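This is what each chain is made of:
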Amino acid sequence: MSEVFIPPTHPRYESLVLRERIVEALRHNVVALQGLIAHGRGECFDYLLGEQTIEPTLYALRAAAAALLLAKRPVISVNGNTAALVGKEVVELAREVDAKIEVNLFYRSRKREEAIAKLLRSYGAVEVLGVGEDADTTIPELYSERRRVSSRGIYVADVVLLALEDGDRTEALRKLGKFVIAIDINPLSRTSRCANITIVDNVVRAMPKLIQFVQELKRLPPSELREIVRNFDNEKYLRECVEYIARRLIELARSGITISFPK
Ligand code: ATP
């Protein structure tokens, strides 16, 4: 547990708690040092969104839930930050849609793979792929450690859900014919632009909502689920996200952004 006390009344309480969680996960080898930088970039975009799930994202979440329910061999790809922030939800979602969970790391080491798998198992994961010899094959066109995948997981998956991912790998997965769902709060990232469905939101807000949508849509017949996926236009959605941020910033600039103090 963290030794830092964050008063619940602090105006940025939730954000500080998440920071502490990431730092704590770094101490336990779950997160890589570079993961702190990625988290900071995410925080910046969360500020721009107003730290909320914006309305167009509900449609992205719905489409993602439908795609996961339709998948024959879904896989949730997990890195250090994702495990630290939403490990519990990853396990819950995997159970809901009968997906496999696979560890996939840019800064791969056996120690980190094991630490992430251990954390996921503590949340109830029965099987965690991509650890040690299980990452027994490679994805073509990738030169980083991320090319190593499990022949029982990502390699044979039809739908891959990933979060906080780099663009190269998303692109490589698309080229392999995978249907990629990405959770990335930056609507301008290569991952966001490359995925079939992008969820532009903080992963800590997105995952519980995605689970909720899955539970709701489970009742629908496949034909209706297919319709939901077909009607979702990722390019249009990303434009809406960027427009939302632009409009919000202009409104903020016009209405005044300073904090006033008593004289
Ligand atoms: P790309 O290659 O796709 O342009 P990048 O170089 O920004 O992306 P990374 O730093 O590897 O990629 O990945 C981090 C991505 O995850 C960033 O786009 C960042 O905004 C996003 N991110 C970081 N923290 C969160 C979070 N808590 N929730 C959702 N997205 C996040």
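Scroll up to find the structure.
Residues numbered from 1 in each chain as written. Predicted model: local features only at pLDDT ≥ 70, side-chain atom pairs only at ≥ 80, totals over all residues. Heavy atoms only, no water.

**With respect to empty space enclosed by the protein**
Step number 1: Enumeration over the complete set of coordinates arrives at one cavity of 30 Å³ or more.
Step number 2: Roughly 40 Å³ of volume is contained in the largest cavity.
Step number 3: Lining of the largest cavity is provided by I76, S77, T82, V90, L161, L162, A163, I183 and M207.
Step number 4: For the lining of the largest cavity, the secondary structure elements donating two or more residues are β1 (74–78), α4 (80–97) and β5 (159–163).
Step number 5: Broken down by element, the residue count for the lining of the largest cavity peaks at three residues, all from β5. (1 Å grid on protein atoms, 1.4 Å probe; cavity = no way out; pocket = protein on both sides within 12 Å on 5 of 7 lines; lining within 4 Å. Points joined across faces, edges and corners; volume = space filled by probe spheres on them. Helix = DSSP H or I, 4+ residues; strand = E, 2+ residues; numbered from the N terminus.)

**Re the layout of surface pockets**
Step number 1: In this model, the largest pocket occupies a volume close to 1,200 Å³.
Step number 2: Of all the secondary structure elements, the ones that give two or more residues to the lining of the largest pocket are α1 (13–27), α2 (33–49), α4, α7 (190–194) and α8 (203–217).
Step number 3: Residue contributions to the lining of the largest pocket peak at 11 residues, all from α2.
Step number 4: Its residues assigned to classes, the lining of the largest pocket comprises 18 nonpolar, 13 polar and 16 charged. (Nonpolar A, V, L, I, M, F, W, Y, C, P; charged D, E, K, R; others polar.)

**Structural notes on the packing of α1 against α2**
Step number 1: Contact pair α1 / α2: the axes reach a minimum separation of 9 Å and the direction vectors enclose 165°. As far as their axial angle goes, α2 and α1 are roughly antiparallel. Every pair of crossing elements has a handedness; the one defined by α1 and α2 is right-handed. For the pair α1 and α2, contact is made by S15, L18, R19, I22 and L26 and by L33, L36, H39 and E43, respectively.
Step number 2: Its residues placed into classes, the contact of α1 with α2 shows five nonpolar, two polar and two charged. (Axes fitted to C-alpha atoms, helices over the stretch in contact; angles between N-to-C directions. Parallel < 35°, antiparallel > 145°, perpendicular 65-115°, else oblique. Left-handed = near helix turned anticlockwise from the far one by under 90°. Contact = heavy atoms within 4.5 Å.)

**Examining the site of the ligand**
Step number 1: The full set close to the ligand counts 17 residues, and R41, G167, D184, T191 and V203 are the nearest of them.
Step number 2: A distance of 2.4 Å separates an oxygen atom of the ligand from a polar atom in the side chain of R41.
Step number 3: The backbone of R190 places a nitrogen or oxygen atom 2.9 Å from an oxygen atom of the ligand.
Step number 4: In a pocket analysis with a 2 Å cut-off to the grid points, the ligand is assigned to the largest pocket.
Step number 5: Among the secondary structure elements, those contributing two or more residues to the shell around the ligand are α2 and α7.
Step number 6: For the shell around the ligand, the element with the most residues is α2, which contributes three residues. (Near = heavy atom within 4 Å. Polar contact = N/O pair within 3.5 Å; in protein donor to acceptor, adjacent residues only side chain to side chain. Sits in = over half its atoms within 2 Å of the grid points.)

**Considering unusual backbone geometry**
Step number 1: Positive phi, normally seen in glycine, also occurs at D98, with a value near 55°.
Step number 2: With respect to the element layout, D98 can be found in the loop between α4 and β2 (100–103).
Step number 3: Assessed through its relative accessible area of 66%, D98 is described here as exposed.
Step number 4: The backbone phi angle of L164 is positive, close to 50°, even though this residue is not glycine.
Step number 5: Here L164 shows up in the loop between β5 and α6 (167–175). (Buried < 20%, exposed > 50% of the residue type's maximum accessible area, 1.4 Å probe, protein only.)

**What to know about the pattern of salt bridges**
Step number 1: A complete count under the given rule lists 19 salt bridges for this structure.
Step number 2: Close ionic contact of R27 with E24 constitutes a salt bridge, the shortest N to O distance being 2.7 Å. Of this pair, R27 and E24 both sit in helix α1, separated by three residues, roughly a single helical turn.
Step number 3: On the basis of relative accessibility, which here comes to 53%, the residue R27 falls in the exposed class.
Step number 4: With a relative accessible area of 13%, E24 lands in the buried category.
Step number 5: Residue K218 is joined to E96 by a salt bridge in which the shortest nitrogen-to-oxygen separation is 2.6 Å. Here E96 lies in helix α4 and K218 lies in the loop between α8 and α9 (222–230), a separation of 122 residues in the sequence. (Salt bridge = Lys/Arg side-chain N within 4 Å of Asp/Glu carboxyl O.)

**What to know about the sheet that holds strand β6 (residues 179–183)**
Step number 1: Judged by pairing direction, the sheet is parallel, and its five strands sit side by side in the order β2-β1-β5-β6-β7 without closing on themselves. The sheet terminates laterally at β2 and β7 (197–199), the two strands that pair on one side only. On average, each strand axis in the sheet is inclined to that of its neighbour by 20°, with strand direction left out of account.
Step number 2: Summarising the sheet, β5 and β6 pair through five bridges and their orientation is parallel. If you follow L161 over to β6, its bridge partner there is I181. (Pairing = 2+ DSSP bridges.)

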